[in-house]
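Topology and contacts: notes
Residues per chain are reported as follows:
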Amino acid sequence: MKITDQYHIDKNWTLFLDRDGVINRRLVDNYVKGTEEFEFLPGVLDAMKIIGRVFGHIIVVSNQQGVGKGMMSRADVELVHDFMLKHIEKYGGRIDGIYYSPHLEAENNPMRKPGTGMGLKARKDHPDIDFQRAVMAGDTITDMQFGRSLGMVNVLINTDNMQVDKTYVDLEFGSLKEFAEALI
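All values reported here derive from a predicted model rather than from experimental measurement.

1. Some thoughts on the pattern of salt bridges
Tallying each qualifying case throughout the model produces 14 salt bridges. For Asp-18, the salt bridge identified is with Lys-113, shortest N-O distance 2.8 Å. Of this pair, Asp-18 sits in the loop between strand S1 (14-17) and helix H2 (44-54) while Lys-113 sits in the loop between strand S3 (97-101) and helix H5 (117-125), and the two are 95 residues apart along the sequence. The exposure class of Asp-18 is buried, given its relative accessible area of 6%. Between Arg-26 and Asp-139 there is a salt bridge, with the nearest N and O atoms lying 2.8 Å from each other. One end of the pair, Arg-26, is in the loop between S1 and H2; the other, Asp-139, is in the loop between strand S4 (134-138) and helix H6 (141-149), and 113 residues separate them in sequence. On the accessibility criterion, Arg-26 (38% relative accessible area) is partly exposed. Residue class for Asp-139 comes out buried when judged on its relative accessible area of 5%. Sharing partners across several salt bridges, the network here consists of Asp-18, Arg-26, Lys-113, Asp-139 and Asp-143.

2. A look at the sheet that holds S1
Ordered by their spatial adjacency, six strands build an open sheet running S3-S2-S1-S4-S5-S6, and the pairing between neighbours is parallel. Each having just a single partner strand, S3 and strand S6 (171-173) make up the two edges of the open sheet. The average angle at which neighbouring strand axes cross in this sheet is 20 degrees, direction not considered. Alignment of S4 against strand S5 (residues 153-157), held across four bridges, turns out to be parallel. Bridged to Val-135 within S5 is Val-153. Each of S1, strand S2 (57-63) and S3 touches H5; the most contacted strand, S3, lies at about 150 degrees to it.

Scoring rules and cut-offs
Residues numbered from 1 in each chain as written. Predicted model: local features only at pLDDT ≥ 70, side-chain atom pairs only at ≥ 80, totals over all residues. Heavy atoms only, no water. Salt bridge = Lys/Arg side-chain N within 4 Å of Asp/Glu carboxyl O. Helix = DSSP H or I, 4+ residues; strand = E, 2+ residues; numbered from the N terminus. Buried < 20%, exposed > 50% of the residue type's maximum accessible area, 1.4 Å probe, protein only. Pairing = 2+ DSSP bridges. Axes fitted to C-alpha atoms, helices over the stretch in contact; angles between N-to-C directions. Contact = heavy atoms within 4.5 Å.

Here you go:
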């Protein structure tokens with residue numbers, strides 16, 4: 001059975017995507033500080049094309065505490081996002097909004113996942129977003145907690161085959177491409 005049948009996913013649904021570890025390669029103990037460090041994970045550009053045909057909104061939500069640590073600026077993050085968007089659009093995909101939290105984990109800011117601030121801001125900007133008809137696709141427990149707090153279906157993208165607490169996980173795939181293929 002396709003996921004779209006199981007959850008009745010159509011253009012009225014929103015996909016929330018984490019960035020590092022889902023769209024691009026996560027740098028272990030480091031941050032993507034510029035476009036030269038940004039590397040799409042295998043199959044992501046194809047996946048984004050498929051996802052764009054299924055979901056009404058595609059929103060990226062990303063913790064970027066490297067800004068708060070002074071390792072990069074907001075302008076650096078926005079250049080990386082522009083680079084990512086251009087490549088995704090070039091390959092026939094789309095992203096409708098990008099939200100990121102520059103706050104340090106220790107600040108406990110509600111804009112930082114697992115806090116729900118980025119999701120609430122996305123809904124303010126796109127009032128037709130209904131969290132009961134939304135999927136959160138991420139690679140960490142904080143992504144799954146974010147999704148659960150807002151009432152979303154949670155999809156763990158487990159590219160590194162990590163042992164993760166599955167309490168908050170509804171579905172699990174080895175890559176964004178595997179998830180996209182299960183939609184069609």
